[in-house]
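Tertiary structure, described
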Amino acid sequence: MNDRIGKCVHAPKAFSPLASAVHVALATALLVTSTGALAQDSPATPEAATNLDTVSVLGSRTKPRTVSSSAVPIDIISGEEFRNQGATDALDQLKVLVPSFNVSTIPIDDAASLVRPANLRGLPPDNTLLLVNGKRFHRAAVITFLGHGLSDGAQGPDLSVFPSLALEQVEVLRDGAAAQYGSDAIAGVINFGLKKLREGGTAEVFTGKYYEGDGLTTQYSAQIGLPLTERGFATLTAEWRNADDTSRSVQRDDAAAAIAAGYPGVGQPAQVWGSPKVDDDFKLVYNLGLSTDNMDFYLFGNHAKRDVDGGFYYRDPTSRSGVYSNDGGDTLLVGNLTGAGACPSIALRDGSGTLLPYAGVSAAVAALPANCYTFLSSLPGGFTPRFGGSLEDTSVFAGAKGTWEDWYWDVSGSWGRNEIDFTIYNTVNASMGPVQPTGLSFKPGGNTQTEKNLNVDVSRDIATGFSNQPLRLAMGAEWREESFTISPGDGPSTAIGPLTEQGFALGSNGFNGFSARTAGTFDRRNWAAYADLEAQLTERFLLAGALRYEDYDSFGSTTTGKLTGRFDFTENFAVRGAYNTGFRAPTPGQANISQISTVFGGTALEDIATLPPTDPIAQLKGAQPLTPEESKNVSLGAVWTQGDWLFTVDGYQIKVEDRIALSTSFAVTPAERAALVAGGNPEAASISQVTYFGNAFDTTTTGVDVVTSYRSDHFGGTTTYALAANWNRTEVDRFDTDFIDAARVYKLEESLPRTKGYFSVNHQRQVFHANLRFNYYSSWYEDHLDSGVVSAEDGGLPIHAGSALIVDAEVGWKFASGLYFSLGAQNLFDRVPSKNPWAGVAGAEYPVHSPYGFNGGFYYARLGWTF
């Protein structure tokens, strides 16, 4: 019989603090919270869907608890449930299974297309901490410059680097936990628990595509468990995936006008909105353990690589500033290559603003003197850059834990790195004129995030005279080092060419290369000491507290605390609550990044420079040194169990002060631009706007989670019904009007659905299973293309989208031989958002940040063998 629970590792009475910075508060939503065990869509056995003994390592630093005894809400999702759906990316899998978790497709958003920002409880992605086997996982190297209000400037972890086959279960702690884990755990904590196999394994192939016929996804997965001596295990999991891109686009109005005027080579459509292409998405996870009589050794980690290639904004040959025209499209931008002789002006529009026929414009271009150059001669139809890059993620965790007299200890160290090398092609460095790199391809450089952690944790039980339960004490210390590296781009991507002074944009158009002047490595170190105490004061009353002191070399120290309690009125009914303070430290990347991006400025594309708050340009616009975000989190809930019923309800309020985000953009005047260039900032020659990171607003997030489930013997088998829903609202309490504007505030408050949830039915009978899930999304708001204005009357592009019900379905068979097969459809009825009323502006057929996507229905098949 396969040993699938890692029995070779001793389980001390009180788990080690670090990995257990998880214990006290976890168990409650376990049985089946938003995605609890009871809500499994396809458990391997009926018992798997009703196992009340499932435990977690989240919440406090004492021993783990079962779902129905936790003092704070947690979702526990089995690895089987993760895999038995059409989504193959962990972000999309969580989006369906955890109601308070949101993520969008992100079609055209610079580096956010490579690592998509996700939001738990309506807060930014770097307000959620990711753990693996209870240990802190490093954040991604991507800083979300274009986060559509909610995620602007965030630098969170990349959850998508883990294959679902490697996961035994995923635990989502829906409560603040900075006192246990430190920075980032304001919205909550996600823990990926890896499988422990001594023998056996799985091989699987998955394929699917969208109803539209695009987005073909092929995935191969394999896992094997091996004995590591008689008292150890080694579990290896690998996954390889390719996903084609999609397009949900219409022709842009300006591109259609150019075609009507006879301009050749304009794409149909000129700009693509859809999921980017993902090539060679390879993921490897290893989990090893070895036991002795009083000590356990562990080693686990991951390695992942993928290439991403996505769309970008179309460069209109009749108006794109810095390339084709600098006066709004009235006349053509013509450069003098030699400085000898004047270059004539060429009109693009008549006096009424109507495009002149291309035949006449091209004749004037052909008649230009040899020393005069315009991009209309080489790219008459305009161009649409393609942007992407190569991502590589690696981590290793190693440690030992055991006993010494009455103490339990855990010593561990980890190293993690996320590295991204950007690529942009089918674009130009306009300042270089006709001399462009082969294939119009540029290497703008990259970012690397590296983290090191050392932890020492101890815990013990202390006998007391007031209860038959011991007092559980856990203490620990942590040292961390975090570095952010900016790698310079190649010469063409950063070149300040000879035509710069004539108004041609410098650097690779769309995503300028990182200059050698701003490149470098930026470090930060911190250490922490913490303690956790839990007491079962009476048979019915549990009380726990945690305290953490943390010191940073960059901005000083902070102290956070947490108090958790639970009172069981009966064996079936209990109330629970928690109060905690938290913080999030600004990352070295946020404090030092310098980047020039192209964004849609309402009516035209603009080059915006994101600068460190210490930069003279940013300080000219009011930037101040970054300070940590601080939070206060209070929650109150109830748990009721009765036979095969489970019901939990939890309300919460999260107040965050001094939130860190990107400022609104500030215009750079010609005089300021000239002064900046003269002061040693040559890249300022092309920028029209600047933005920077700062602490400038406070928010209050209020919400309610409701989870219920029921197991029955309906339809001749075991049928489990589960419902999980979240209501969430964020309000901006204070904001600096010089930092963000009313449009940004409106996006923060309205961009996500207030209500999101699902109702699922899982039927298991012998070898057959069937799953049906109804996913509900309430109305939501999109500021299309980040126009920056709330009303259409004032020039904005608002979209107020209605609610939607998305249906997922799957049927499958699992035979005694280990062979299994399933067929399913995600978004069975091909539901897409209402048509985009501003589709002609940039060619997006649907709102691009729909919480349930815009690609429509996806059908899939899975074939595998477990041995």
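Residues numbered from 1 in each chain as written. Predicted model: local features only at pLDDT ≥ 70, side-chain atom pairs only at ≥ 80, totals over all residues. Heavy atoms only, no water.

1. Some details on the overall build of the protein
Along the protein, the regular secondary structure elements total 12 helices and 36 strands. Computed over C-alpha atoms, the radius of gyration of the protein comes to 28 Å, within 12% of the 29 Å expected from 2.2 N^0.38 for 867 residues, which places it in the range of a compact globule. With the C-alpha coordinates aligned to their principal axes, the bounding extent of the protein is approximately 95 × 60 × 55 Å. Burial statistics for the protein: of 867 residues in total, 61% are counted as buried. Partitioning the contacts of the protein with sequence separation of at least 6, the portion at a separation of at least 24 is 73%. Carbon together with sulfur atoms contributes 59% to the accessible area of the protein, which is approximately 29700 Å² in total. Computed over 64 positive and 93 negative side-chain charges, the inter-centroid distance for the protein is 5 Å. (Helix = DSSP H or I, 4+ residues; strand = E, 2+ residues; numbered from the N terminus. Rg over C-alpha atoms; globule rule 2.2 N^0.38 Å. Buried < 20%, exposed > 50% of the residue type's maximum accessible area, 1.4 Å probe, protein only. Contact = heavy atoms within 4.5 Å. Areas by Shrake-Rupley, 256 points an atom, 1.4 Å probe, with all protein chains shown as cover. Lys, Arg positive; Asp, Glu negative; His and termini not counted. Charge placed at Lys NZ, Arg CZ, Asp CG, Glu CD.)

2. Focus: the pairing of strand β20 (residues 541–552)
Alternating positions in β20 separate cleanly, L542, A544, A546, R548, E550 and Y552 being buried on one face and F541, L543, G545, L547, Y549 and D551 remaining unburied on the opposite face. From the end of strand β19 (residues 520–536) to the start of β20, which pair antiparallel, there are four residues. Where β20 folds back onto strand β21 (residues 556–568) in an antiparallel hairpin, the turn is made up of three residues. (Pairing = 2+ DSSP bridges.)

3. Regarding a nonpolar patch on the surface
A surface patch of nonpolar side chains, amounting to about 930 Å² of accessible area, comprises I224, L226, L236, V767, V811, F815, L819, F821, L823, L863, W865 and F867. Within the residue set of the nonpolar patch, elements represented by two or more residues are β9 (217–227), β35 (819–826) and β36 (858–866). Per-element tally for the nonpolar patch: the top contributor is β35, with three residues. For L236, a relative accessible area of 35% puts it in the partly exposed group. (Patch = residues over 30% accessible without salt bridge, like charges linked within 9 Å, V, L, I, M, F, W, Y side chains within 5 Å. Salt bridge = Lys/Arg side-chain N within 4 Å of Asp/Glu carboxyl O.)

4. Regarding the nonpolar core
In a soluble, globular protein the nonpolar side chains are often hidden away together inside. With 68 residues, the main nonpolar core has L94, F101, V170 and I190 as its most contacted residues. With sequence-adjacent residues up to four places away left out, V170 is seen in contact with D75, I76, I77, F82, L94, I190, N191 and F192. Judged by nonpolar contacts, the second largest core, of 29 residues, contains Y324, Y358, F375 and L499. (Core = buried A, V, L, I, M, F, W, Y, C linked by side-chain atoms within 4.5 Å.)

5. Section: the sheet that holds strand β1 (residues 74–78)
The strand order across the open sheet built from five strands is β1-β6-β7-β4-β5, with neighbouring strands paired in mixed fashion. Strand pairing shows two members of the sheet lacking a second neighbour, β1 and β5 (135–136), which therefore form its edges.

6. Some words on the pairing of strand β22 (residues 573–584)
Consecutive residues of a regular strand have side chains that alternate between opposite faces of the sheet. Of the pairings in the sheet, the one linking β21 to β22 comprises seven bridges and is antiparallel in character. Across the sheet, D568 pairs through a bridge with A574, a residue of β22. Relative to strand β25 (residues 629–642), β22 runs antiparallel, the two sharing 12 bridges. Paired with A574 across the bridge in β25 is V639.

7. Remarks on the pattern of salt bridges
Taken as a whole, this structure holds 52 salt bridges when the rule is applied. Residue R711 is joined to D644 by a salt bridge in which the shortest nitrogen-to-oxygen separation is 3.8 Å. With R711 in strand β28 (residues 689–712) and D644 in the loop between β25 and β26 (645–662), the pair connects residues that are 67 residues apart, well separated along the chain. Residue classification places D644 among the partly exposed residues on the basis of a relative accessible area of 36%. The closest approach of N and O atoms between E731 and R729, which form a salt bridge, is 3.5 Å.

8. Things to note about helix α6 (residues 358–366)
Those residues of α6 lying buried are Y358, V361 and V365. Angular distribution of buried residues about the axis of α6 spans 70 degrees; they occupy a single face of the element. Of the exposed residues in α6, the ones pointing more than 90 degrees away from its buried face are A359 and A366. (Arc of directions from axis to C-beta.)

9. Description of unusual backbone geometry
With omega at 0 degrees, the peptide bond leading from Q268 into P269 counts as cis. We note that D280 has phi near 50 degrees; this positive angle belongs to a residue other than glycine. As for its position among the elements, D280 is in strand β11 (residues 277–291). Classification of D280 as partly exposed rests on a relative accessible area of 42%.

10. Focus on empty space enclosed by the protein
Tallied over the full model, the rule gives 16 cavities of 30 Å³ or more. As a volume, the largest cavity reaches approximately 780 Å³. Those elements that place two or more of their residues in the lining of the largest cavity are α3 (90–97), β10 (232–243), β12 (295–310), β31 (768–777) and β34 (804–814). Taken together, the residues of the lining of the largest cavity break down into 15 nonpolar, 16 polar and eight charged. (1 Å grid on protein atoms, 1.4 Å probe; cavity = no way out; pocket = protein on both sides within 12 Å on 5 of 7 lines; lining within 4 Å. Points joined across faces, edges and corners; volume = space filled by probe spheres on them. Nonpolar A, V, L, I, M, F, W, Y, C, P; charged D, E, K, R; others polar.)

11. Some thoughts on the environment of S803
With respect to the helices and strands, the residue S803 is situated in the loop between β33 (798–801) and β34. Along the primary structure S803 and T648 are separated by 155 residues, whereas in three dimensions their C-alpha atoms are 25 Å apart.

12. Comments concerning the packing of aromatic side chains
Enumeration over the complete set of coordinates arrives at 33 aromatic pairs. Considering the side-chain rings of F422 and F514, the 6.3 Å spacing of their centres and the 50 degrees angle between planes classify their relative orientation as tilted. Of this pair, F422 sits in strand β16 (residues 407–425) while F514 sits in the loop between α7 (491–494) and β19, and the two are 92 residues apart along the sequence. Relative accessible area serves as the criterion here: at 3%, F514 is assigned to the buried category. (Phe/Tyr/Trp six-rings, centres within 6.5 Å; stacked < 30°, edge-to-face > 60°.)

13. Points about the confidence of the model for the protein
The predicted model of the protein has a mean per-residue pLDDT of 88, with 91% of residues at 70 or higher. Low pLDDT (under 50) marks residues 1–53, which in the prediction has 242 contacts with non-local residues, meaning those over four places away or in another chain. (pLDDT = per-residue confidence, 0-100.)

14. Some thoughts on the environment of E199
Along the chain, E199 turns up in the loop between β7 (188–194) and β8 (201–210). Sequence separation between E199 and L226 is 27 residues, and the spatial gap between their C-alpha atoms is 4.9 Å.

15. Points about the environment of L676
Along the chain, L676 falls in helix α10 (residues 670–678). Residues in contact with L676, not counting those within four places in the same chain, are I617, V668, N681 and A684.

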